[in-house]
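Read off the chains here:
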Amino acid sequence: MEKIIPTEKLSATIMWPFTGLATGTPVLVRKLTAPQRERRAEAAGLKAKQAELDAEAAKADEAAFAKKVSAEADPAKRDAMVRAREAAQVAARQYELDKAKTARKESRSRFGDTVGAAALMLIVGGPLVWTLARPLIEPGIGLVIGVWWIAALIHAPAPGKKAVEEKEKAEQGPVEDVAQQPLPTPDEASAEAPVETPAATSPTPADACRAVALLGAAGTHVALTAVTAHLAAEHPSWERSGKATKALLTQAGIRYRAGVKVDGISVPGIHRDDMPPLPSPHGSAPGSVVVAGQSNNNNHNNAQEWSTREGFVMRADPDNPARTIIVRRTPAA
């Protein structure tokens with residue numbers, strides 16, 4: 001109901017029958033004439049496509065005729081062929097003109113017949129129709145005007161009440177929210193505001209250096225695809241590509257070669273002679289995980305340790321579970 005008769009302001013309610021009719025009539029006209037516009041646009045597109053096909057066909061015909069004329073060795077025959085083609089083109093154009101002229105004559109004839117029939121019906125049957133339909137004309141016109149008016153009011157844009165309310169909230173809302181919120185105590189502020197480190201969305205040259213060192217810790221060559229897969233596993237939102245991996249290796253100062261032997265196959269990768277040094281664990285020196293005088297209750301030491309490479313003990317990085325760090329070297333057997 002509020003869409004047809006706005007009630008936010010008295011002036012808008014009083015003026016709405018006129019403003020709604022003025023703003024809703026163009027919208028209603030566009031909606032009613034939309035099918036006709038679509039059909040006209042489709043017909044225009046088909047006509048343009050047909051014209052394009054006709055132009056292509058004429059071009060191909062000209063090319064074929066030129067080829068045929070050039071293949072003819074007798075100059076007299078070539079001249080006869082050219083003249084015959086020009087005569088055919090003139091005849092075709094004359095036929096098109098005659099056809100258009102005949103169509104115009106038929107159209108005028110049909111229009112004259114329609115006008116004559118309408119005039120005859122108006123003269124002969126007009127008084128009778130007027131006598132019978134006169135009592136229904138005025139109510140019918142009023143009904144049509146009323147239906148159109150209501151439809152225009154329904155399709156008219158809203159008066160903008162929501163926009164005004166949102167603007168007022170945007171101007172007054174932040175001040176009221178800040179005033180109504182109680183100030184937190186220092187203890188609550190420290191308890192409710194944990195420090196979080198933002199998750200990395202793309203690998204860095206340091207990540208690429210660490211990945212190469214881990215993958216080549218056993219003294220083998222490392223394929224470029226293996227480094228890319230390792231970085232993609234650590235950074236799921238990163239768009240993996242060999243080109244990006246090469247750029248990271250170049251920034252980290254690591255040389256990669258076009259062909260290294262990995263499992264007996266020559267692939268692009270890093271030679272074992274170009275391996276970077278192994279990264280040191282975060283915040284701990286090489287040696288035993290728990291030393292004398294240290295508490296074994298540290299969160300870093302609670303992580304499960306395992307050996308994935310011969311001679312190294314590794315565990316999950318507590319700051320980023322997707323990464324692994326080297327804890328210590330195992331003693332040689």
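Check the entry above for the structure.
Residues numbered from 1 in each chain as written. Predicted model: local features only at pLDDT ≥ 70, side-chain atom pairs only at ≥ 80, totals over all residues. Heavy atoms only, no water.

### Points about the overall build of the protein
So, point 1. Assigned secondary structure in the protein consists of eight helices and six strands.
So, point 2. Beginning at the N terminus, the succession of helices and strands in the protein can be written as α-α-α-α-α-α-β-α-α-β-β-β-β-β.
So, point 3. Of all 333 residues assigned to the protein, the portion counted as buried reaches 18%.
So, point 4. When contacts within the protein are restricted to residue pairs at least 6 apart in sequence, long-range pairs at least 24 apart make up 51% of them.
So, point 5. Of the roughly 24,600 Å² of accessible surface on the protein, 61% is carried by carbon and sulfur atoms. (Helix = DSSP H or I, 4+ residues; strand = E, 2+ residues; numbered from the N terminus. Buried < 20%, exposed > 50% of the residue type's maximum accessible area, 1.4 Å probe, protein only. Contact = heavy atoms within 4.5 Å. Areas by Shrake-Rupley, 256 points an atom, 1.4 Å probe, with all protein chains shown as cover.)

### Considerations on the sheet that holds strand β1 (residues 222-223)
So, point 1. A sheet is described by the order of its strands in space; here three strands give the open sequence β1-β3-β2, paired in antiparallel fashion. Each edge of the open sheet is held by one strand with a lone partner, namely β1 and β2 (257-262). (Pairing = 2+ DSSP bridges.)

### Points about the pairing of strand β3 (residues 265-270)
So, point 1. As judged from the two bridges shared by β1 and β3, these two strands associate in the antiparallel manner. Within the sheet, the bridge partner assigned to Val 222 lies in β3 and is Ile 270.
So, point 2. Here β2 folds back onto β3 in antiparallel fashion, the turn holding two residues, of which Asp 263 has a positive phi close to 55°.

### Structural notes on the side chain of Asp 274
So, point 1. Mapped onto the elements, Asp 274 comes out in the loop between β3 and β4 (305-309).
So, point 2. A polar contact of 3.1 Å, which involves the side chain of Asp 274, links it to the side chain of Arg 257.
So, point 3. Beyond its immediate sequence surroundings of up to four residues, Asp 274 is in contact with Ile 254, Arg 255 and Arg 257. (Polar contact = N/O pair within 3.5 Å; in protein donor to acceptor, adjacent residues only side chain to side chain.)

### Section: helix α7 (residues 224-234)
So, point 1. Three or more residues of α7 are buried, namely Leu 224, Val 227, Thr 228, Leu 231, Ala 232 and Glu 234. Buried residues along α7 cover an arc of 160° about the axis, so they all sit on one side. More than 90 degrees from the buried face of α7, the exposed residues found are Thr 225 and Ala 233. (Arc of directions from axis to C-beta.)

### A few points about the packing of helix α2 (residues 34-71) against helix α3 (residues 75-155)
So, point 1. α3 packs onto α2 with a crossing angle of 155° between their chain directions and a minimal axis gap of 10 Å. Looking at the two axes, α2 sits roughly antiparallel to α3. On the side of α2, the interface is formed by Asp 61, Glu 62, Phe 65, Lys 68 and Val 69, while α3 contributes Arg 78, Met 81, Val 82, Arg 85 and Gln 89.
So, point 2. Counted by class, the contact of α2 with α3 contains four nonpolar, one polar and five charged residues. (Axes fitted to C-alpha atoms, helices over the stretch in contact; angles between N-to-C directions. Parallel < 35°, antiparallel > 145°, perpendicular 65-115°, else oblique. Nonpolar A, V, L, I, M, F, W, Y, C, P; charged D, E, K, R; others polar.)

### Overview of the pattern of salt bridges
So, point 1. Following the criterion strictly, the structure yields six salt bridges and no others.
So, point 2. Across the pair Arg 257 and Asp 274 runs a salt bridge whose closest N-O atoms are separated by 3.1 Å. On the criterion of sequence distance, the pair formed by Arg 257 in strand β2 and Asp 274 in the loop between β3 and β4 is long-range, its members being 17 residues apart.
So, point 3. Via salt bridges that share partners, Asp 61, Glu 62 and Arg 85 belong to a single interconnected network. (Salt bridge = Lys/Arg side-chain N within 4 Å of Asp/Glu carboxyl O.)

### Topic: the environment of Pro 203
So, point 1. Secondary-structure assignment places Pro 203 in the loop between α5 (186-192) and α6 (205-215).
So, point 2. Measuring from C-alpha to C-alpha, the distance between Pro 203 and Ala 232 comes to 8.3 Å, with 29 residues separating the pair along the chain.
So, point 3. Discounting chain neighbours no more than four positions away, the residues touching Pro 203 are Leu 231, His 235, Trp 238 and Leu 248.

### A few points about a nonpolar patch on the surface
So, point 1. A contiguous nonpolar surface patch, about 930 Å² in accessible area, is contributed by Leu 10, Ile 14, Met 15, Phe 18, Trp 130, Ile 137, Ile 141, Ile 145 and Trp 149.
So, point 2. Of all the secondary structure elements, the ones that give two or more residues to the nonpolar patch are α1 (10-32) and α3.
So, point 3. Considering each element in turn, the nonpolar patch owes the most residues, five residues, to α3.
So, point 4. Within the secondary structure layout, Trp 149 lies in helix α3. (Patch = residues over 30% accessible without salt bridge, like charges linked within 9 Å, V, L, I, M, F, W, Y side chains within 5 Å.)

### Looking at unusual backbone geometry
So, point 1. Phi at Asp 263 is positive, roughly 55°, even though this residue is not glycine.
So, point 2. If you trace the backbone, Asp 263 turns up in the loop between β2 and β3.

### Digging into the packing of aromatic side chains
So, point 1. One pass over the full model with this rule turns up zero aromatic pairs.
So, point 2. Above the face of the Phe 65 ring, Arg 85 is positioned so that its terminal group lies 4.6 Å from the ring centre. (Phe/Tyr/Trp six-rings, centres within 6.5 Å; stacked < 30°, edge-to-face > 60°. Lys NZ or Arg CZ within 6 Å of the ring centre and 35° of its normal.)

### Some words on the pairing of β2
So, point 1. Both β2 and β3 contribute to a ladder of four bridges, which runs antiparallel. Each bridged residue has a counterpart across the sheet, and for Val 262 the counterpart in β3 is Ile 265.

### Points about a positive patch on the surface
So, point 1. Positive charge collects at one region of the surface, where Arg 30, Arg 37, Arg 39 and Arg 40 lie side by side.
So, point 2. Ranked by the residues each element gives to the positive patch, the list is headed by α2, at three residues.
So, point 3. Relative to the elements of secondary structure, Arg 30 occurs in helix α1.
So, point 4. A relative accessible area of 47% means that Arg 30 is categorised as partly exposed. (Lys, Arg positive; Asp, Glu negative; His and termini not counted. Charge placed at Lys NZ, Arg CZ, Asp CG, Glu CD.)

What is shown is where atoms sit, not what they do.
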